[in-house]
Amino acid sequence: MSGNSPNNKKSIVDEYVRRLSKYASDIKFIDDTLFAAIPSNSFREAVKLVHDEFDCYLRTCAGVDERPVNGFFAMYYIFGDDRNGLNIVLKTYADPSKQVFPSVTDICPAADWCEMEARDLLGLEFKGRQQYRLVLPNWWPKNLYPLRKDVPHDIKPKPSFTGERVSVGRKGSSAPIPVGPYHPALHEPEYFELYVEGEKVVDVKYRGFHVHRGIEKLAETRMTYQQIPFLAERICGICGFVHSTCYCQAVEKAARIDVPERALFIRSIILEIERIHSHLLWVGVAAHLLGYDTGFMHSWRIREHVMYLAELLTGSRKTYGINLIGGVRKDINEDKIPKTLEVLSIIEKEFARLVDTMISVPEIKFRLKETGILPKEDARKLSVVGPTARGSGLDRDNRRDLPYAAYKYADFNVPVYDEGDNLARTLVRVDEVFESIKIIRQLIEQLPKGPIMAEEIDIPENRMAVSLVEAPRGEDVHFVITGYGKPYRWRVRAPTYQNIPALKVMLNGVMLADAPLTIASIDPCFSCTDRIVVVKSDGRREVLHLPSQWGGMGCSRL
Amino acid sequence: MGWNGLFKTLVKKLGPLKALIIASEAGRVTRKYPFEPPLISEEFRGKIEIDENKCIGCGACVNVCPPNALTMEQDNDTKVLKYFIGRCIYCWRCIDVCPTGAIRGTLEFELATNNIDDLHEMVVHEVVKCRVCGKPVTTIAMKDFVLEKTRYAEEYIDLDPYCRKEKFIKAIEGRFGYREQQ
Ligand code: SF4
Ligand code: SF4
């Protein structure tokens, strides 16, 4: 699939340019990304063309306050054509006096959240859809849009205590069951309302974004290019290296910085180590949710070897702190290689044995099989990513489709299962652990000599790039517009953002007892805790705010 | 079902018991920490230590520190480099940039305390004042550091940037007989 010859790719790009030029005023093609600016009155047709006819996935969309530069607000919709290894960025402007954009959610439902996020953070309006507050808390003042360039980063509006009601009796006779505000096993803030009839879930409501941390604003105002990798890796408590790599790649791509080969190899190796530890963690959590704590303990025991290895190679168990724009800060020197290979063999042997034992427990198999089904068509429509997509028969993996770092030097399989149930998603992850081990071995063998940091790092202003990294839980997208000393705009889309809407489909019709596992089966990463919800005896819920320094590690919401 | 079939069924039913073998082979893997040393590798990045005899108060570390764990405060007589461990993320970027090697990384991570003062460290520098206007210019240590590198700096090292400019303009005037036009 990725074996597209350059000629072939060129003819595909030409085809895009030819058909888009009907709508677009300005089209540019750089590296693997096509940028097209399209006036808002023909924008929907252009999206239809790219989404339906070219069959592209929506990666994400991003609002940008470009008023200081050209007087407009802009929306960037980032699409992906994985089969041909392309990114398609469609940009549209709105009349500055009204700031109204045409919504495209009826064409690609995956745009629902990112449009609402742009509305919350930039005050843009979207015509032709239901609008609601998504990422900011209810008490946040109206007309205060944090991502606008004229809003300082350190405003602190006074929070007020607001309640949210559990909506009783939403669907006929169904009864609501709240799950959250913490996930029962993942210890992250999220709130699901499951509507049950008897033991069956018939509908689900999700309320997330309890912990919007303003990371993008922080980076765009008070940090510098080389400080942001350390902020980026703190977006997630597990795939930290994914985020810092993705950010660095985006800036490197925008500024055309040549990263030394050795650094690229090191990045790929650490990314795979991160995937192994993430999947081992997940297998443990899943076993725990199924009441099979033996599996949990042993999975985490094996994982400990990887954590130690991560510390040996990066200086931190959490693979933090070695990415910078232009390369990496810590070399994998000769004497660490034998230890790395040794750890890999231990994991390979022990994990194979553990999986074998676990799957032979009939109850485990029974509870995983045919629960939480996500059919392929829904998976496609919602543009889900990672093991969630690959468990529903969608063959997407950025490591193969749009190779970055050193993946083009490794030979590996992308496991895909068609069933779409919890078992399929589990098996994808299990297989991926072995594939990752394979990748690391190959890369270590070919590790080239040389420097690990680019010599000259010069980042011109007003360049754009989209960068993708296949995180353990799916595709991670960073979109950067460069500015002076720091990015003008840095948009992050973590994989869970794309996968949560699919839970509505998966949870429909499952037994209540299977709901926590089904929720966990997308390996969600909600966010760090910075406020808690108190349920009062009369059923009212109140939100209590904790000082932000109480926040833990954690995840995907920004 | 023959003996063979029965044996197969038995193995299948007993499959889950393989966990017992795995467990007995793995044995105990946890450590009796804190009675035993913790499991950290020699590559671990822990808290930093600033050598106040080597630090010159240049502020390079303050500029790179991502979470503002290092800050610099200056008043008329002193310039103070402050390290707040509570904010430090142990990235060691400060070590990378320090021109005098004043910062050293350690393996220390057991930093919990019930007294927040334990988490603050500081290096106090005395400042050099401008010989013309009396405003603070730089630290004494910085002055020594620069002079060691280049003696020519003696001419201007203890001048405020503004006074330095004045001096420069005067020097040019003297040389070319040029007068600034009002
Ligand atoms: S280690 Fe990192 S966070 Fe800590 S003081 Fe140094 S630069 Fe700042
Ligand atoms: S000498 Fe080193 S420790 Fe002192 S301020 Fe400069 S960079 Fe920081």
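For the structure, see preceding data.
Described below are features of the structure shown in this document. (Residues numbered from 1 in each chain as written. Chains lettered and ligands numbered in written order. Predicted model: local features only at pLDDT ≥ 70, side-chain atom pairs only at ≥ 80, totals over all residues. Heavy atoms only, no water.)

Bringing the sheet that holds strand β6 (residues 136-139) of chain B into the picture now. All names here are of chain B. Strand order in the open sheet formed by four strands is β2-β3-β5-β6, with antiparallel pairing between adjacent strands. Of all strands in the sheet, those bounded by a partner on one side alone are β2 (70-74) and β6. Each strand of the sheet is rotated relative to its neighbour by a mean of 30 degrees, with strand direction disregarded. Relative to strand β5 (residues 120-129), strand β3 (residues 78-84) runs antiparallel, the two sharing seven bridges. Considered in β5, the bridge of Tyr83 is made with Glu121. Of the strands in this sheet, β5 and β6 are in contact with helix α5 (residues 140-149), which crosses β6 at around 70 degrees. (Pairing = 2+ DSSP bridges. Helix = DSSP H or I, 4+ residues; strand = E, 2+ residues; numbered from the N terminus. Axes fitted to C-alpha atoms, helices over the stretch in contact; angles between N-to-C directions. Contact = heavy atoms within 4.5 Å.)

Right, let's get into the site of ligand 2. Around ligand 2, the neighbouring residues are B:Cys55, B:Ile56, B:Gly57, B:Cys58, B:Gly59, B:Ala60, B:Cys61, B:Leu81, B:Cys98, B:Pro99, B:Thr100 and B:Ile103. Grouping the constituent residues of the shell around ligand 2 by class yields nine nonpolar, three polar and no charged. (Near = heavy atom within 4 Å. Nonpolar A, V, L, I, M, F, W, Y, C, P; charged D, E, K, R; others polar.)

Looking now at the packing of aromatic side chains. All names here are of chain A. Tallying each qualifying case throughout the model produces 16 aromatic pairs over all chains. Ring centres of Phe192 and Tyr206 lie 4.9 Å apart, and the angle between their planes is 45 degrees; this geometry places the pair in the tilted category. Separated by 14 residues along the polypeptide, Phe192 in strand β10 (residues 191-197) and Tyr206 in strand β11 (residues 200-207) bring together distant segments of the chain. We classify Phe192 as buried; its relative accessible area is 1%. Relative accessible area serves as the criterion here: at 22%, Tyr206 is assigned to the partly exposed category. (Phe/Tyr/Trp six-rings, centres within 6.5 Å; stacked < 30°, edge-to-face > 60°. Buried < 20%, exposed > 50% of the residue type's maximum accessible area, 1.4 Å probe, protein only.)

The next subject is the state of the cysteines. Taken as a whole and assessed by the stated rule, the structure comprises one disulfide over all chains. Linked covalently through their sulfurs, A:Cys61 and A:Cys114 form a disulfide whose S-S length is 2.3 Å. Sign of the S-S torsion, about 110 degrees for the bond between A:Cys61 and A:Cys114, identifies this disulfide as right-handed. Linking A:Cys61 in strand β3 (residues 57-66) with A:Cys114 in helix α4 (residues 112-122), this pair joins segments that are 53 residues apart in sequence. Judged by its relative accessible area of 3%, A:Cys114 is buried. In this model B:Cys130 remains outside any disulfide bridge; the closest cysteine sulfur is found in B:Cys133, 3.6 Å from its own. (Disulfide = S-S within 2.5 Å.)

Looking now at the site of ligand 1. Taken together, the neighbourhood of ligand 1 is formed by B:Ile48, B:Cys65, B:Pro67, B:Ala69, B:Leu70, B:Tyr83, B:Cys88, B:Ile89, B:Tyr90, B:Cys91, B:Trp92 and B:Cys94. Partitioning the shell around ligand 1 into residue classes produces 12 nonpolar, no polar and no charged.

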